[in-house]
Amino acid sequence: MNYTLVVLIAYVAVMLGATLAMTNKEGNIERFCVGNRNTGWGVSALSIAATWIWAPALFTSTENAYTKGFAGLFWFLVPNVLCLIFFIPFAKRIREEMPEGITLSGYMHRKYQSEVVRNIYLFQLGALSILSTGVQLLAGSKILSMLTGIPFAVMTVAMAAIAYSYSQFSGIKASMLTDAIQMALMLAVSACFVVFGIKNGGGFETLVKGLGGAKGDAGALFSQKGWEIFLGFGLPTTVGLMSGPFGDQCFWQRAFCVRKDRIGRAFLVGALLFGVVPLSMGILGFIGAGMGYTAADTGVINFELIRALFPRWAVIPFLFMVISGLLSTVDSNLCAASSLTTDIFREKTVGKTKGAMLLLLGAGIAIANIPGLTVTHLFLMYGTFRASTLLPTVFTLRGIKLAPRGIVAGILLSMAVGLPVFGYGNVQGIAVYKTAGSLLTVILSGAVALALSRKRGVGHG
């Protein structure tokens, strides 16, 4: 049997077995979505880290280190860690204001008593879950299809089915439990790859040489090349990442799950644990650049380097790591989508939450199978998309009351103007458009919301 299929079967056995052994089938809608609201900080930190480890953390980090050197990895890694830390006071605030809450859209509905505000948030949160699921299925199925010979489209369905198999059993409890197992594995594998990568790739000299990237010109943040990388990749990436948790129901859901007095610790430790994985993958990219390795496909260069530098069997833990990283985000998206149904239906049932999971997977599979899409393009696109609700959310949680009309107008305008500008720059590779689009997406929603609120005499601190 193909060893990749063995890894997939082992993954299913471990995750489904742990779920069945350590959780109970959940029939209560609130517990399905947020558990008992007292999950410990250790499990929560591992779950937060695993949820934030998506396709770009595993692949884009290595690609950027290899092609853009230290500057490329820096502008990917640092905002990724800081955004979770920046999120902490807001996670604490929403839990204090709505201790029985489940969703961000539900919180905004309660604050403004406006169904239109709730619906615009439901659209943004739901669309993000779909896009995020699509990019995980795209990245994972690309490698697994290549290794197994199974058609790409079939593999996207298989990965979706695996995530659904354990998520639908006990909801968020299954997601956080399997996240913790997945994250522990990823940390162990990452550490081993760094140690053996340095040893087999020529030592620290090769690593240092590779800090400049494959062309050797990107080793400094403030060089001419460094500024080009910042404007073309770093700035739009930072904007998208810093708004990441704020536009993602997965993290609001965990804010409602973790024990109330451990929220800060859970997110801080989760941020630091997360950083280990893309840093490790980035180090592999530096080694590849330093040794003069020529990549056949920079999008999966970490996989190429592991096959080139390590014994053949090393591909197995790497594949387990990839599957864990991608599906941890997919199962978190499934739970996020299921929780959003509590804001849609008056009659709330676990059956409807599972139906939402299936709809999400169907949409994600469809996106993954769109010809020509790449992981990096999707990452930057939905990173900008979720920025559209950042400022209205932050203003509200900071006690600035906005007019519902201003919130909706601001978000719609930011999507209508910022996203097309960014999308054009992304497709054409024009840095100024990518930067302008990402900034417009963030600024327009907040500026318009404030302007219309003050015009109506609503906004105040």
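Whenever I open this one, unusual backbone geometry confuses me. Can you help?
Working note: non-glycine residues mostly have negative phi, and peptide bonds are mostly trans. If you check the backbone angles, R37 has positive phi at about 60 degrees while not being a glycine. Among the secondary structure elements, R37 is positioned in the loop between α2 (29-34) and α3 (41-52). Non-glycine residue Q113 carries a positive phi angle of around 50 degrees.

Teacher, can you tell me more about the nonpolar core here?
Taken as a class, soluble globular proteins show a tendency for nonpolar side chains to be buried jointly. Judged by nonpolar contacts, the single largest core of 144 residues is most densely connected at F193 and L327. It is helix α16 (residues 315-340) that provides the largest number of residues to this core, a total of 15 residues. Setting aside chain neighbours within four positions, we find F193 in contact with M281, L284, I306, F310, A314, F318 and M321.

Explain the packing of helix α9 (residues 152-170) against α16 to me, please; I cannot follow it from the model alone.
Any two packed helices are characterised by the angle at which their axes cross and by the distance between the axes. Where α9 contacts α16, the axes come no closer than 9 Å and their chain directions differ by 55 degrees. In terms of orientation, α9 and α16 fall into the oblique class. In the crossing of α9 with α16, the sense of the turn from one axis to the other is right-handed. The residues of α16 that touch α9, namely those facing M159, I162, A163, Y164, Y166 and S167, are L326, L327, V330, D331 and L334. Among the residues forming the contact of α9 with α16, the class breakdown is nine nonpolar, one polar and one charged.

Please explain the pattern of salt bridges as it appears in this structure.
Oppositely charged side chains are able to pair whenever their charged atoms sit close together. In total, this model carries eleven salt bridges according to the counting rule given. With a shortest N-O distance of 3.1 Å, K173 and E26 are connected by a salt bridge. Here K173 is found in helix α10 (residues 172-200), whereas its partner E26 is found in the loop between α1 (3-22) and α2, with 147 residues between them in sequence. Across the salt bridge formed by K225 and E228, the nearest N and O atoms sit 4.0 Å from each other. Of the two residues, K225 and E228 both sit in helix α12 (residues 224-242), three residues apart, roughly one turn of that helix. Given a relative accessible area of 43%, E228 falls into the partly exposed group. Here the residues in one salt-bridge network are E26, R31 and K173, joined through shared partners.

Quick question: what am I supposed to make of the state of the cysteines here?
Joining two cysteines, a disulfide is a covalent bond between their sulfur atoms. Under the defined criterion, the tally for this structure stands at zero disulfides. Here C335 stays unpaired: no disulfide links it, and the sulfur of C33, its closest cysteine neighbor, is 8.1 Å away.

Would you take a moment to explain empty space enclosed by the protein for this structure?
Over the atoms a probe the size of a water molecule is rolled, and this reveals where empty space is left. If you walk through the whole model with that rule in mind, you get one cavity of 30 Å³ or more. Empty space within the largest cavity amounts to approximately 80 Å³. Around the largest cavity sit T51, W52, W54, L128, S132, D248, C250, F251, T329, N333, Y382 and R386, which together line it. Contributing elements (two or more residues each) for the lining of the largest cavity: α3, α8 (115-148), α13 (249-257) and α16.

I tried to follow the environment of L82 on my own but got confused; where do I start?
Examined against the element boundaries, L82 turns out to sit in helix α5 (residues 60-86). Taking the C-alpha atoms as reference points, L82 and L268, separated by 186 residues in sequence, lie 9.2 Å from one another.

I'm lost on the environment of I94 in this one. Help?
Take I94: it is sitting in helix α6 (residues 88-97). When the C-alpha atoms of I94 and L104 are compared, they prove to be 8.4 Å apart, with ten residues separating the residues in sequence. For I94, the contacting residues outside a window of four places in its chain are L104, Y107, W252, F256 and L397.

Honestly, a nonpolar patch on the surface in this entry has me stumped. Any pointers?
A surface patch of nonpolar side chains, amounting to about 320 Å² of accessible area, comprises L82, I85, L268 and L272. Summarising the element assignment, I85 is placed in helix α5.

In this structure, what is going on with the packing of aromatic side chains? I would like to understand it.
Aromatic rings considered in pairs are described by the distance between their centres and by the relative angle of their planes. What the rule picks out here adds up to 19 aromatic pairs. Measuring from centroid to centroid gives 6.2 Å for F193 and F318, while their planes differ by 55 degrees, and the two rings are tilted. Remark: F318 occurs in helix α16 and F193 occurs in helix α10; sequence separation between them is 125 residues. No difference in accessibility class separates F193 from F318, as the two residues are buried. Judged by centre distance (5.7 Å) and plane angle (85 degrees), the ring pair of W227 and F230 falls under edge-to-face. Highlighted residues: W227 and F230, both in helix α12, separated by three residues, approximately one helical turn. A relative accessible area of 18% means that F230 is categorised as buried. Feature note: the residues F70, F74, W75, F222, W227 and F230 constitute an aromatic cluster, connected by ring pairs. K68 extends its terminal NZ or CZ atom over the ring of F233, reaching a point 5.1 Å from the ring centre. Across from the ring centre of W41, 5.3 Å away, lies the NZ or CZ of R265, which sits over that ring.

Reading the values: rules and limits
- Residues numbered from 1 in each chain as written.
- Predicted model: local features only at pLDDT ≥ 70, side-chain atom pairs only at ≥ 80, totals over all residues.
- Heavy atoms only, no water.
- Helix = DSSP H or I, 4+ residues; strand = E, 2+ residues; numbered from the N terminus.
- Core = buried A, V, L, I, M, F, W, Y, C linked by side-chain atoms within 4.5 Å.
- Buried < 20%, exposed > 50% of the residue type's maximum accessible area, 1.4 Å probe, protein only.
- Contact = heavy atoms within 4.5 Å.
- Axes fitted to C-alpha atoms, helices over the stretch in contact; angles between N-to-C directions.
- Parallel < 35°, antiparallel > 145°, perpendicular 65-115°, else oblique.
- Left-handed = near helix turned anticlockwise from the far one by under 90°.
- Nonpolar A, V, L, I, M, F, W, Y, C, P; charged D, E, K, R; others polar.
- Salt bridge = Lys/Arg side-chain N within 4 Å of Asp/Glu carboxyl O.
- Disulfide = S-S within 2.5 Å.
- 1 Å grid on protein atoms, 1.4 Å probe; cavity = no way out; pocket = protein on both sides within 12 Å on 5 of 7 lines; lining within 4 Å.
- Points joined across faces, edges and corners; volume = space filled by probe spheres on them.
- Patch = residues over 30% accessible without salt bridge, like charges linked within 9 Å, V, L, I, M, F, W, Y side chains within 5 Å.
- Areas by Shrake-Rupley, 256 points an atom, 1.4 Å probe, with all protein chains shown as cover.
- Phe/Tyr/Trp six-rings, centres within 6.5 Å; stacked < 30°, edge-to-face > 60°.
- Lys NZ or Arg CZ within 6 Å of the ring centre and 35° of its normal.

Structural measurements only, silent on function.
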